[in-house]
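# Structure at a glance
Spelled out, the chains give:
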Amino acid sequence: MKNQIKIIHLKNERETVANIRDSKVKELEILNKYLWDIDKKIQEIKDIEIFLNEVEKALENGWAGSTQEKNNFKDIIKEVRDGDASACEMLRNVFKPNESFKKETARFKNV
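Everything in this summary refers to the structure shown in the same document.

Basis of the calculations
Residues numbered from 1 in each chain as written. Predicted model: local features only at pLDDT ≥ 70, side-chain atom pairs only at ≥ 80, totals over all residues. Heavy atoms only, no water. Helix = DSSP H or I, 4+ residues; strand = E, 2+ residues; numbered from the N terminus. Expected span 1.5 Å × (residues − 1). Buried < 20%, exposed > 50% of the residue type's maximum accessible area, 1.4 Å probe, protein only. Arc of directions from axis to C-beta. Contact = heavy atoms within 4.5 Å. Core = buried A, V, L, I, M, F, W, Y, C linked by side-chain atoms within 4.5 Å. Salt bridge = Lys/Arg side-chain N within 4 Å of Asp/Glu carboxyl O.

### Some thoughts on helix α2 (residues 67-81)
Over its 15 residues, α2 extends 21 Å from the first C-alpha to the last, a length consistent with the 21 Å expected when each residue adds 1.5 Å. Within α2 the residues assigned to the buried category are Lys70, Phe73, Ile76, Ile77 and Val80. Burial along α2 is one-sided: seen end-on, the buried residues are contained in an arc of 120°. Residues of α2 that are exposed and point over 90 degrees away from its buried face: Thr67, Gln68 and Lys78. Those residues of α2 that are buried are in contact with α1 (2-60) and α3 (85-95). Note on α2: the residue one or two positions beyond its end, Gly83, has a positive phi of about 105°.

### Remarks on the nonpolar core
Counting 15 residues, the largest nonpolar core has Leu59, Phe73, Val80, Leu91 and Phe95 as its most contacted members. Of all elements in the fold, only α1, α2 and α3 reach the threshold of two or more residues within this core. In terms of residue count, α1 provides more of this core than any other element does, five residues in total. Excluding anything up to four places from it in sequence, Phe73 contacts Leu59, Trp63, Leu91, Val94 and Phe95.

### Notes on the pattern of salt bridges
One pass over the full model with this rule turns up ten salt bridges. One salt bridge in this structure joins Glu54 and Lys57, with 3.8 Å as the shortest N-O distance. With Glu54 and Lys57 both in helix α1, this residue pair falls three residues apart, about one helical turn. Look at Glu54 and you get buried, because its relative accessible area is 10%. The shortest N-O distance in the salt bridge between Arg81 and Glu56 comes to 2.8 Å. Of this pair, Arg81 sits in helix α2 while Glu56 sits in helix α1, and the two are 25 residues apart along the sequence. Taken together, the shared-partner salt bridges connect Glu49, Glu56 and Arg81 into one network.

Following this line, the structure appears as structure tokens:
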């Protein structure tokens, strides 16, 4: 009878450990997805920064038609760096389809 009780106890203990393990595996899967999302966001931010640097370089090389236009773009760049997603989208819409800008900026294709 003692062996039967030990077997039941060990089976219960094994089930408890398996449940804990399964729970930890699920937690790790969630954490891994969260880390992947963070890495993806970091890369997006790096790509935006590359784009902004290329726009600044083009502006410094006379791409803008006037000093006022250059200053307007610099203000928009500041808004993008401050986290304004609509400013970033607007800037992309201006520069992305522009062939002369693409020729001046080798890394633009990454953004």
